[in-house]
Structures are given as structure tokens and as C-alpha cells.
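If you want the building blocks of each chain, they are given just below.
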Amino acid sequence: MQLFVDVGRYCRLIYEAIRSSTEFGMYWKNIIIEMVKTGYDSLPIIILAGFFTGAVMTIQTSYQLVAGFIPPETIGSIVSQSLLIELAAVISALVLAGRVGARIATELGTMAVSEQIDALESMGFNSVTFLVMPRVLAGIFMFPVIYVAAAVAGMSGGLLSGYMTGAVPMADFMLGARQVFSPADVSFGVIKSFVFGYIITSISCYKGYFATGGAEGVGQATTQAAVLSCIYILVADFVLAFLLL
Amino acid sequence: MIEINNLTKSFGANLVWENVSLTVDDGETLAVIGKSGSGKSVLMKHLNVLLYPDAGEVLIDGLNIFEIRYAKLRRLRQRFGVLFQGAALFDSITAYENVAFPLRFFSDFKENEIHERVMESLKLVNLADIGIKTPAELSGGMRKRVGLARAIVMKPDYLLYDEPTSGLDPQTSDEINDLIINMADTLDITSIVISHDMHSVLRVADKVAFLDQQKLSWYGTVDEMRKSDHKELHAFIIASEYTI
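Brief notes about the environment of Ser92 of chain B
One can find Ser92 of chain B in the loop between strand 6 (80-83) and helix 3 (95-106). Through-space distance from the C-alpha of Ser92 of chain B to that of Pro135 of chain B is 8.2 Å; in sequence the pair is 43 residues apart.

Shown next, in the form of C-alpha cells:
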């Protein structure tokens with residue numbers, strides 16, 4: 001029963017956000033603030049995660065492909081394509097489910113339990129326009145940027161770790177990456193990151209906006225936002241792979 | 001004028017109150033009193049349509065606020081100022097910005113005009129020099145006064161106070177009471193005060209509504225309350241350690 005209540009309230013929240021999206025003058029400043037918080041502020045952790053993912057993947061791929069007749073550029077092909085199709089989008093989304101999702105749920109949850117959302121409504125604001133819309137739009141706009149940053153960092157990590165460990169020379173790594181590069185793979189990654197950005201921000205907004213029960217309620221909302229975001233990212237990843245590949 | 005007609009509210013199987021009817025005339029201050037859990041704050045949330053009733057209506061100048069469209073409701077809400085129990089200040093911005101907040105979105109004022117209006121409101125609550133502090137740096141009484149400054153900055157027709165003196169020391173409570181009286185006198189605002197502080201009620205109110213046993217148990221002027229022999233009302237007043 002609670003599932004139906006949750007789905008209904010979530011759909012109403014998103015419907016209200018879309019319906020009120022024309023009031024751009026009311027929330028455009030908040031979009032910029034949220035884009036900085038969601039995108040720019042997340043870059044260090046995303047670059048770090050992407051870099052080490054690429055680095056580890058190169059070493060592991062080279063370890064698995066020990067047969068002498070496999071050309072070394074194959075490592076570059078596997079690592080770069082895996083990053084573009086899957087890892088850059090999914091790893092960054094899972095990292096940001098914790099970082100961005102938890103922040104959004106905590107912010108809105110605290111506002112909900114301390115009557116700040118009621119105060120906004122009482123003043124004549126549409127709280128959904130003001131609080132939810134900028135966060136969701138910022139997620140949708142910034143996650144593709146984050147995906148690109150993660151992919152570039154991953155390639156750099158792979159390139160560097162291949163060179164430093166002697167697993168694959170830089171020229172061979174680049175040759176392999178260029179051989180399999182397809183704009184369609186990047187498009188697929190960008191589509192994924194759009195969807196993941198929407199999932200993380202909308203679920204976190206929903207959990208925070210309807211938080212009740214003081215500090216404990218905010219804690220629960222935050223945990224649920226992060227966990228549910230991770231689950232739906234994995235489900236969406238499967239569905240998108242099934243539909244688009 | 002605010003008219004509440006046969007308002008009934010329950011949460012699931014729990015009836016909060018039923019058939020509550022009362023009227024607040026322009027310029028009047030109504031105090032809604034009752035025990036904790038009697039539904040005083042729930043009633044206040046209905047007046048601002050933060051909650052919808054199971055039955056009944058609330059008319060503001062003859063307009064049923066539960067039947068109007070959301071866009072019109074938002075315009076109507078701008079005629080209300082609300083002081084929440086915990087002040088509900090936005091904790092990421094300064095006290096000054098909290099007060100300026102509605103002006104920045106709902107007025108065409110230039111920055112100097114916003115400044116003038118904000119300072120005017122802060123002076124009315126005796127906090128002209130508090131602007132740069134954040135809510136976390138303010139005491140409970142100061143937060144309530146900043147909340148009140150924010151509530152009056154748009155020059156509303158109606159002011160709703162939810163437990164304005166709860167959690168405050170007697171001296172600060174008296175300052176808040178003075179402010180409520182001052183608001184009603186100088187700005188000619190119609191006010192509804194939710195409270196169980198009888199000292200405050202007797203100082204600020206023209207009329208009193210007593211919520212008890214899931215209904216409006218008693219309703220009348222302060223003078224009538226002093227003379228009333230209503231048993232539950234008297235028990236409530238005596239329990240408030242107050243003699244009238």
C-alpha cells in the first residue's frame with residue numbers, strides 16, 4: 001500500500017515541477033547555484049573515481065589478456081569502450097548518489113521538518129518550483145558534464161597506469177582507443193547520464209520534501225534517497241542497455 | 001474578515017475537531033487556546049491552506065479559500081503574514097536576507113527601497129542592528145522577532161501567530177506580546193494567535209476560541225471569558241497557573 005502512496009506522491013511532485021516550470025524567473029538563480037553544487041563541486045571526487053577506475057581496469061585487463069598473440073592496443077580498446085559505454089556513467093552516478101543525493105535529501109528534509117517549506121508556501125511561493133525544479137534541472141544538465149569528466153579522467157588513468165606498469169605503451173593504448181571509438185558510444189553514455197541525473201535528483205528531492213519526524217526523519221530520508229537512487233541507477237542501466245545497445 | 005464555517009478535520013481515524021465555526025472581524029485579534037494536541041496549529045494551517053479540511057469552509061473576505069485555484073491561492077497567501085512556532089527562518093541566509101526574501105520575488109522594489117522596507121520592519125521588532133547575523137547566531141526570542149519582521153514586511157492584511165511566546169522567558173514573552181499589540185494597533189492587521197499562554201492571550205486578544213474535546217468548546221470576548229462559568233475553560237485557565 002505504501003508503495004502506491006509513494007508512487008502517487010512522487011508523480012504529483014514531478015507533475016507539479018513540470019507544470020510550474022514556466023515560472024523561470026522565480027528559480028533561474030537557484031538553477032545556477034545548484035549546477036555549481038551538483039557539477040562543479042563534484043568534479044574532484046568524480047575525477048578521482050574516474051582516474052582510478054581507468055587505472056585499475058587497465059592493469060586488470062592486461063593481467064587477463066596474457067596471451068602473446070593479443071596485440072597490446074586491445075587493452076586500450078577494451079578500457080576506453082568500457083569507460084564510455086558503462087563505467088564513466090555508472091561509477092560517477094553511484095558516487096554522486098551518495099554525494100549529491102544525500103545533500104539534496106538532507107537540505108530539503110531539514111527545511112521540511114523545520115517548517116521552512118511551509119513558510120515558503122505561506123509567503124506565496126510555489127515550493128516545488130523553488131526547491132525541486134532547480135535541483136532536478138541542475139542534475140539533468142550537469143550529469144553529462146560529469147560523465148565526460150569521468151571518462152576523460154578514466155582514459156588518463158588507464159593511459160598512465162599502462163605506461164607506469166609497462167602493461168601497454170601509451171601509443172598502443174591510444175591506438176586501441178581510437179580504433180574502437182564511436183560517437184554512438186558517447187551518445188549512449190550521455191543519455192545514461194541524463195537519466196541517472198534525473199533519477200538521483202528527483203528521488204532525493206522527493207525523499208527530502210516529504211521528510212517528517214525531526215532529525216531522525218531527515219536521517220532516514222537521506223539514507224533512503226541514497227539507497228533508492230543506487231537501486232534505480234542499476235535498474236535503469238540494465239533497461240537502457242537492453243533498449244539502446 | 002475571516003469566517004470559519006463547520007470546519008471538520010481528521011487524520012485517518014483520529015478526529016482532530018469537528019464543526020468549528022467562528023468569525024474574526026477586520027482589525028480584531030482572536031486567540032485560539034487549548035491543550036497540546038487539541039488541534040490549534042492544525043486550525044492555523046487550514047487558514048493558510050497548508051492543510052485541507054474533511055468538511056467545511058474558510059471564507060476570506062467572502063472567498064472560499066479551499067475552492068480557489070493554486071495561482072489565486074498564492075496571491076491570497078501574500079496577504080497573510082505567518083509567524084511559525086520555531087520562526088522557520090531560512091538558515092542559509094542572514095536575518096536581513098530572510099526579511100528581504102519575499103520582497104525580492106513579489107515586489108518591483110529597487111535595492112534601496114527593499115533596504116528601507118527591511119529596516120522599517122526590523123525597527124518595528126526592535127532588531128535594527130541584527131541584519132548580518134544568521135539565524136543560528138540568534139536567540140529564540142530574536143529568531144521569533146526576525147520571523148515577525150519577515151511576516152510583516154509585505155504589509156499583510158492578516159497575521160497568524162503560532163505559539164509566539166512558547167519557549168521564551170517571561171520578559172521576552174512580554175516583548176513579543178507588546179509587538180503583537182503594536183502590529184494590530186499601528187498596522188491595523190487582523191490577527192489570529194495560537195497559544196496556550198494565558199498571560200499572553202489576555203494581553204493581546206479581543207476574542208478567544210477554546211478548542212477542547214474535538215470541538216470549539218467556547219468562543220467569546222475576553223470580558224465574556226472572565227465572567228464565563230464554562231468548567232473546562234476554567235480548568236484550563238487554572239492549569240495555566242493564571243488567575244483572571
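So, the packing of aromatic side chains
Aromatic ring pairs are described here by two measures, namely the spacing of the ring centres and the angle between the planes. Evaluation of the coordinates by the stated rule reveals 16 aromatic pairs over all chains. Relative to Phe242 of chain A, the ring of Phe238 of chain A lies with its centre 6.4 Å away and its plane at 20°, an arrangement referred to as stacked. Here Phe238 of chain A pairs with Phe242 of chain A, and both are found in helix 9 (residues 214-244), just four residues apart, close to one helical turn. Each member of the pair, Phe238 of chain A together with Phe242 of chain A, is exposed. Among the aromatic residues, ring-to-ring pairing joins Phe125 and Phe130 of chain A together with Phe90, Phe101, Phe105 and Phe106 of chain B into one connected group. The aromatic ring of Phe210 of chain A is capped on one face by Arg9 of chain A, whose charged end is 4.5 Å from the ring centroid. When the ring centre of Phe90 of chain B is taken as origin, the NZ or CZ atom of Arg150 of chain B, which lies over that ring, is 4.8 Å away.

Considering the pairing of strand 1 (residues 2-11) of chain B
Remark: a regular strand shows side chains that alternate across the two faces of the sheet. All names here are of chain B. The pairing of strand 1 with strand 2 (residues 14-24) spans seven bridges and is classified as antiparallel. Bridge pairing in strand 2 places Ile2 opposite Val24. Remark: two residues form the turn of the hairpin made by strand 1 and strand 2, two consecutive strands paired antiparallel; Gly12 in that turn has positive phi of roughly 65°. Of the strand pairs in this sheet, strand 1 and strand 4 (residues 55-60) are connected by five bridges, and their pairing is antiparallel. Of the residues in strand 4, the one forming a bridge with Ile2 is Ile60.

Remarks on the interface of chain A and chain B
Facing 20 residues of chain A, the contacting portion of chain B comprises 21 residues. When the two sides are added together, the surface that chain A and chain B hide from each other amounts to roughly 1,700 Å², 58% of it contributed by carbon and sulfur. When the area that chain A buries against chain B is broken down by residue, the three leading residues are Glu115, Ser122 and Met123 of chain A, summing to 33%. Our enumeration of links across chain A and chain B arrives at four salt bridges. With its nearest N and O atoms 3.3 Å apart, the salt bridge here joins Lys45 of chain B to Asp118 of chain A. Secondary-structure elements contributing two or more residues to the side of chain A that touches chain B are helix 1 (2-19), helix 4 (73-113), helix 5 (116-123) and helix 6 (127-165) of chain A. No other element matches helix 5 of chain A, which puts seven residues into the side of chain A that touches chain B.

Describing the nonpolar core
Counting residues in hydrophobic clusters, the biggest one holds 79 residues, and the most contacted among them are Ile2, Ile4, Val58 and Ile192 of chain B. Not counting residues up to four positions away in its chain, the partners in contact with Ile2 of chain B are Leu22, Thr23, Val24, Leu47, Val58, Leu59, Ile60, Tyr158 and Ile192 of chain B.

Some points on the sheet that holds strand 1 of chain B
In a beta sheet, neighbouring strands pair by backbone hydrogen bonds and run either parallel or antiparallel. Residue and element names in this part refer to chain B. Read from one edge to the other, the open sheet built from four strands follows the order 2-1-4-5, with strand pairing classed as antiparallel. Looking at which strands have only one partner, the edges of the open sheet turn out to be strand 2 and strand 5 (63-64). Each of strand 1, strand 2 and strand 4 is contacted by helix 1 (residues 40-47), which is oriented at about 120° to strand 1, the strand it contacts most.

Brief notes about the pattern of salt bridges
On inspection of all chains with the given rule, the structure shows 24 salt bridges over all chains. Of the charged contacts in the structure, one is a salt bridge between Asp212 of chain B and Lys35 of chain B, with a shortest N-O distance of 3.7 Å. Here the residue Asp212 of chain B occupies a position in strand 9 (residues 207-212), and Lys35 of chain B occupies one in the loop between strand 3 (29-34) and helix 1, the gap between them amounting to 177 residues. Through salt bridges with shared partners, a single ionic network connects Glu34, Lys37, Arg103, Glu107 and Arg135 of chain A.

Re the layout of surface pockets
Space inside the largest pocket adds up to approximately 1,400 Å³. Contributing to the lining of the largest pocket are 37 residues, with Arg12, Asp118, Tyr209 and Phe210 of chain A together with Leu50 of chain B lying nearest its centre. Every element with two or more residues in the lining of the largest pocket is listed here: helix 1, helix 4 and helix 5 of chain A together with strand 1, helix 1 and helix 2 (70-77) of chain B. Of all the elements, helix 1 of chain A adds the most residues to the lining of the largest pocket, at six residues. Taken together, the residues of the lining of the largest pocket break down into 19 nonpolar, five polar and 13 charged. The wall of the second largest pocket is formed by 25 residues, among which Asn30, Ile33 and Phe130 of chain A together with Ile93 and Phe101 of chain B lie closest to the centre.

Considerations on empty space enclosed by the protein
If you roll a probe as big as a water molecule over the atoms, it shows you where there is empty space left. Overall, the coordinates contain three cavities of 30 Å³ or more when judged by the stated rule. Empty space within the largest cavity amounts to approximately 130 Å³. Those elements that place two or more of their residues in the lining of the largest cavity are helix 5 of chain A together with strand 6 and helix 5 (140-152) of chain B. Looking at the lining of the largest cavity residue by residue, the class counts come to nine nonpolar, three polar and one charged. Reported here for the second largest cavity is a volume of approximately 40 Å³. For the second largest cavity, the full set of lining residues is Ile46, Ala49, Gly50, Thr53, Leu83, Leu87, Ala88, Ile91, Ser92 and Ala150 of chain A.

Examining the pairing of strand 9 of chain B
Residues and elements named next belong to chain B. A large share of strand 9 lies buried, amounting to six of its six residues. Neither face of strand 9 is exposed, since Lys207, Ala209 and Leu211 on one face and Val208, Phe210 and Asp212 on the opposite face are all buried. Pairing analysis gives five bridges linking strand 3 to strand 9, with the strands arranged parallel. Counted as the bridge partner of Ala31 is Val208 from strand 9. Two strands pair when backbone bridges link them, and strand 9 and strand 10 (residues 215-221) are joined in this way by six bridges, in the antiparallel orientation. Directly across from Ala209, in strand 10, lies its bridge partner Tyr219. In this structure, the hairpin formed by strand 9 and strand 10 is closed by a connection of two residues, where Gln213 is found at a positive phi of approximately 50°.

Side note on the packing of helix 4 of chain A against helix 7 (residues 170-180) of chain A
All names here are of chain A. Running from N to C, helix 4 and helix 7 cross one another at 55°; their axes reach a closest spacing of 6 Å. The angle between helix 4 and helix 7 falls in the class oblique. Considering only the axes of helix 4 and helix 7, their crossing is right-handed. From helix 4, Glu73, Gly76, Ser77, Val79, Ser80 and Gln81 reach across to helix 7, where they touch Asp172, Phe173, Leu175, Gly176, Ala177, Gln179 and Val180. Counted by class, the contact of helix 4 with helix 7 contains five nonpolar, six polar and two charged residues.

What counts as what
Residues numbered from 1 in each chain as written. Chains lettered and ligands numbered in written order. Predicted model: local features only at pLDDT ≥ 70, side-chain atom pairs only at ≥ 80, totals over all residues. Heavy atoms only, no water. Helix = DSSP H or I, 4+ residues; strand = E, 2+ residues; numbered from the N terminus. Phe/Tyr/Trp six-rings, centres within 6.5 Å; stacked < 30°, edge-to-face > 60°. Buried < 20%, exposed > 50% of the residue type's maximum accessible area, 1.4 Å probe, protein only. Lys NZ or Arg CZ within 6 Å of the ring centre and 35° of its normal. Pairing = 2+ DSSP bridges. Contact = heavy atoms within 4.5 Å. Buried area = accessible area lost by both parts, 1.4 Å probe. Salt bridge = Lys/Arg side-chain N within 4 Å of Asp/Glu carboxyl O. Core = buried A, V, L, I, M, F, W, Y, C linked by side-chain atoms within 4.5 Å. Axes fitted to C-alpha atoms, helices over the stretch in contact; angles between N-to-C directions. 1 Å grid on protein atoms, 1.4 Å probe; cavity = no way out; pocket = protein on both sides within 12 Å on 5 of 7 lines; lining within 4 Å. Points joined across faces, edges and corners; volume = space filled by probe spheres on them. Nonpolar A, V, L, I, M, F, W, Y, C, P; charged D, E, K, R; others polar. Parallel < 35°, antiparallel > 145°, perpendicular 65-115°, else oblique. Left-handed = near helix turned anticlockwise from the far one by under 90°.

Read these as spatial facts, not as claims about activity.
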